Amino acid sequence: MAGSLNKVILIGNLGKDPDIRFMPDGSKVTSFSLATSDVWKDKVTGERKDKTEWHRISIFNERLVDVVEKYVRKGTKLYVEGQLQTRKWTDQSGTERYTTEIILGKYRGEIVILDPKRGESDSDGRSDGLPGDMQLDEELPF
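Since this is a predicted model, take the numbers as computed values, not measurements. (Residues numbered from 1 in each chain as written. Predicted model: local features only at pLDDT ≥ 70, side-chain atom pairs only at ≥ 80, totals over all residues. Heavy atoms only, no water.)

A. Representation of the overall build of the protein in the model. From N to C terminus, the protein includes one helix and eight strands. Starting at the N terminus and walking to the C terminus, you meet the elements of the protein as β-β-β-β-α-β-β-β-β. Burial status across the protein gives 34% buried among its 142 residues. Across the protein, every contact between residues at least 6 apart in sequence was considered, and the portion connecting residues at least 24 apart equals 59%. In the form shown here, the protein has an accessible surface area of approximately 9,700 Å², with 50% of it arising from carbon and sulfur atoms. (Helix = DSSP H or I, 4+ residues; strand = E, 2+ residues; numbered from the N terminus. Buried < 20%, exposed > 50% of the residue type's maximum accessible area, 1.4 Å probe, protein only. Contact = heavy atoms within 4.5 Å. Areas by Shrake-Rupley, 256 points an atom, 1.4 Å probe, with all protein chains shown as cover.)

Structural data, given as structure tokens:
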């Protein structure tokens, strides 16, 4: 294989409001958990079953962080496109720990808000606070 690809695409809902933080260099970052669910009907009992997976999302692109800070809250449905990354660290007791998360770097990644903000609407009847079908795509250099 000549190359490789590390790309993750998720559509899900936020479990709680995003956490906005500042890095030592003053840049803004955000992280949040996104829930995706699989629903099926049990063949034996006929019962509706579901399984929810939680995905940790970290965004280092300040423009996307600003959009998340302004428009995204608990329950918001998002399309997220980023890269899978596993980090290793040592906790306070000296135990090595690992975490895997979806990263949207400074110049990569995309988010699209898929549902309207609750209870608000603008003059054209849209209620998401974004003009038209605005996508928040950061693959273009600025």
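B. Quick peek at the nonpolar core. Counting 19 residues, the largest nonpolar core has Ile 57 and Ile 59 as the members making the most contacts within it. Elements with a contribution of two residues or more to this core: β1 (8-14), β3 (28-41), β4 (48-59), α1 (62-71), β5 (77-90), β6 (96-104) and β7 (110-113). Sort the elements by how many residues they give to this core and α1 lands first, with five residues. With residues up to four places along the chain from it excluded, the contact list for Ile 59 reads Val 29, Thr 30, Phe 32, Leu 64, Val 65, Val 68, Leu 104 and Ile 111. (Core = buried A, V, L, I, M, F, W, Y, C linked by side-chain atoms within 4.5 Å.)

C. The arrangement of the side chain of Glu 81 in detail. With respect to the helices and strands, Glu 81 occurs in strand β5. For Glu 81, a relative accessible area of 8% puts it in the buried group. Of note is the side chain of Glu 81, whose polar atom sits 3.4 Å from the side chain of Lys 7. There is a polar contact of 2.5 Å between the side chain of Glu 81 and the side chain of Tyr 79. (Polar contact = N/O pair within 3.5 Å; in protein donor to acceptor, adjacent residues only side chain to side chain.)

D. Inspection of the environment of Leu 34 at higher detail. Inspection of the secondary structure assignment puts Leu 34 in strand β3. When residues no more than four places from it in sequence are discounted, the contact partners of Leu 34 are Leu 10, Gly 12, Asn 13, Leu 14, Glu 53, Trp 54, His 55, Ile 57, Leu 78 and Val 80.

E. View of the pattern of salt bridges. What the rule picks out here adds up to nine salt bridges. Among the salt bridges present, the one from Asp 66 reaches Lys 28, with a minimum N-O distance of 2.8 Å. With a gap of 38 residues between them, Asp 66 in helix α1 and Lys 28 in strand β3 connect regions that are remote in the sequence. As a salt-bridge pair, Glu 101 and Arg 87 come within 2.7 Å of each other at their nearest N and O atoms. With Glu 101 in strand β6 and Arg 87 in strand β5, the pair connects residues that are 14 residues apart, well separated along the chain. Judged by relative accessible area, Glu 101 falls into the buried class, the value being 5%. One salt-bridge network, in which partners are shared between bridges, spans Lys 28, Asp 66 and Glu 69. (Salt bridge = Lys/Arg side-chain N within 4 Å of Asp/Glu carboxyl O.)

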